[in-house]
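Residues per chain, in single letters:
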Amino acid sequence: MQIKKLITGVTLLLLIVGVPLYIFNHETDQTNLAEKETKQQDAVITEKTPSIKKHEQKPSPKLFIHKEQQVTKHFYQSRHITAIGDSLTQGVGDETKQGGYVGALEQIMTQANTEASFDNFGVRGNRSDQLLKRLQQDDMIASIKQADIVFITIGANDVMRVLKENITNLQMEAFEKARVDYEKRLHKILTNIRTVNADTKIYLLGFYNPFGQYFKDIKELKLIADNWNKTGKEIVTTYENSSFIPISDLFSNTDENLFAEDNFHPNQVGYERIAERIFEVLKNEQERG
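Residues numbered from 1 in each chain as written. Predicted model: local features only at pLDDT ≥ 70, side-chain atom pairs only at ≥ 80, totals over all residues. Heavy atoms only, no water.

Student: Tell me about the confidence of the model for the protein, residues and numbers included.
Tutor: On average, residues of the protein score 80 in pLDDT, and 71% of them are at 70 or above. Below pLDDT 50 for its whole length, residues 12-74 participates in 109 contacts with residues either more than four positions away or in separate chains. (pLDDT = per-residue confidence, 0-100. Contact = heavy atoms within 4.5 Å.)

Here is the structure:
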């Protein structure tokens, strides 16, 4: 089925709203970008120390923890958390440079008297095929081996690739074909993590429809995001000790401005909302025992 409204809407957004900052300038060649950032990470690790590079703690205003989120005991003590994936993990769009949802989650857990160390392996523009390759890196393997929790954000750039390659002839069939390929790679990603660490808790974070704030009447955009999130949820829940954390509702059911200046990535507040959702899931799972 031809998506005429989708073509018109997305093209207009690319020209006016500012998404080209993300699509064309920052993600022109994501494979080269991922390789470049991988070399930089390896250089830092080799130059400084063979140990894993920890998430750098920077001072920032305290986040507000809702009363029902507060805990009276350490429900995660001395835990190691590994975050892997794309720009949502890297924290692109966070104007405070505090590390996106990873930095916000670390701050929330500290306020809740919860000890945790973090490794952040987020790389802007990463697709599922690129993350699968990066899982072979020694530093990522070493971090996952000692991880009590692994967070994953992946899939949004797979969708964006389809959009870029078919911008003049968008059809739902192209997104469905890419979704099937994504499903296969996600299985491999989860299997590889389980091979490295059979006991770690795995959380796959969903993603949101970044165009929804401008083109609410284009139902296909929401349908695509919903279908891909559904696939992610169905796959991850087939693996033992693994869960899916949805975030799309955080960005669609609010009057808050949760987007950065590029109108694509979350801003600091958006990442805080994601971190609060993650913390709520962790706390609820611990209480259920």
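Student: I'd like to hear about the pairing of strand 1 (residues 79-85), residue by residue, with values.
Tutor: With six of seven residues buried, strand 1 is to be regarded as a mostly interior element. Pairing between strand 1 and strand 2 (residues 116-122): seven bridges, direction parallel. Following the sheet pairing, H80 is matched in strand 2 by S117. For strand 1 and strand 3 (residues 149-153), the ladder comprises five bridges, and the chain directions are parallel. Bridge pairing in strand 3 links A83 to F151. (Buried < 20%, exposed > 50% of the residue type's maximum accessible area, 1.4 Å probe, protein only. Helix = DSSP H or I, 4+ residues; strand = E, 2+ residues; numbered from the N terminus. Pairing = 2+ DSSP bridges.)

Student: Could you give an account of helix 10 (residues 219-236), naming the residues involved and the relevant values?
Tutor: With 18 residues, helix 10 should reach 26 Å at 1.5 Å per residue; the first-to-last C-alpha distance of 26 Å fits that figure. Listing the buried residues of helix 10 in full gives L221, I224, A225, W228, N229, T231, G232, I235 and V236. Looking straight down helix 10, one finds that the buried residues subtend no more than 150° of arc, so they occupy a single side. Turned more than 90 degrees off the buried face of helix 10, the exposed positions are K219, K222 and K230. (Expected span 1.5 Å × (residues − 1). Arc of directions from axis to C-beta.)

Student: Go over the packing of helix 9 (residues 172-196) against helix 10, please, and point to the residues and values.
Tutor: Viewed as axis vectors pointing N to C, helix 9 and helix 10 meet at an angle of 25°, and their least axial separation amounts to 10 Å. Judged by the angle between their axes, helix 9 and helix 10 are roughly parallel. Crossing of helix 9 over helix 10 shows right-handed handedness. Only E220, L223, I224, N227, W228, T231, G232, I235 and V236 of helix 10 make contact with helix 9, whose side of the interface consists of M172, F175, E176, A178, R179, Y182, E183, L186, H187 and L190. Of the residues in the contact of helix 9 with helix 10, the class split is 11 nonpolar, four polar and four charged. (Axes fitted to C-alpha atoms, helices over the stretch in contact; angles between N-to-C directions. Parallel < 35°, antiparallel > 145°, perpendicular 65-115°, else oblique. Left-handed = near helix turned anticlockwise from the far one by under 90°. Nonpolar A, V, L, I, M, F, W, Y, C, P; charged D, E, K, R; others polar.)

Student: An account of the packing of aromatic side chains is requested, with residue identities and associated values reported.
Tutor: Tallied over the entire structure, the rule returns six aromatic pairs. Counting every residue linked through ring pairs, the aromatic cluster contains Y101, F151 and Y203. (Phe/Tyr/Trp six-rings, centres within 6.5 Å; stacked < 30°, edge-to-face > 60°.)

Student: Report on the side chain of D158, specifying residues and quantitative values.
Tutor: Mapping D158 onto the fold places it in helix 8 (residues 156-165). On the basis of relative accessibility, which here comes to 5%, the residue D158 falls in the buried class.

Student: Which residues make up the packing of helix 8 against helix 9, and what values do they have?
Tutor: Look at helix 8 against helix 9: their axes get within 10 Å of each other, and the N-to-C directions meet at 150°. Of the possible angle classes, the one that applies to helix 8 and helix 9 is roughly antiparallel. With respect to the hand of their crossing, helix 8 and helix 9 are arranged in right-handed fashion. Between helix 8, through D158, V159, V162 and L163, and helix 9, the contact on the second element is made entirely by A174, F175, A178, Y182 and R185.

Student: Please provide a residue-by-residue account of the pattern of salt bridges, values included.
Tutor: For the structure on display, the rule yields 12 salt bridges. Here R185 and D158 are joined by a salt bridge, their closest N and O atoms 3.2 Å apart. Of this pair, R185 sits in helix 9 while D158 sits in helix 8, and the two are 27 residues apart along the sequence. In this structure, the salt-bridge partner of K222 is D226, at a minimum N-O distance of 2.7 Å. Placement of both K222 and D226 in helix 10 is noted, with a separation of four residues, approximately one turn of the helix. Judged by its relative accessible area of 32%, D226 is partly exposed. Through salt bridges with shared partners, a single ionic network connects E256, R273 and E276. (Salt bridge = Lys/Arg side-chain N within 4 Å of Asp/Glu carboxyl O.)

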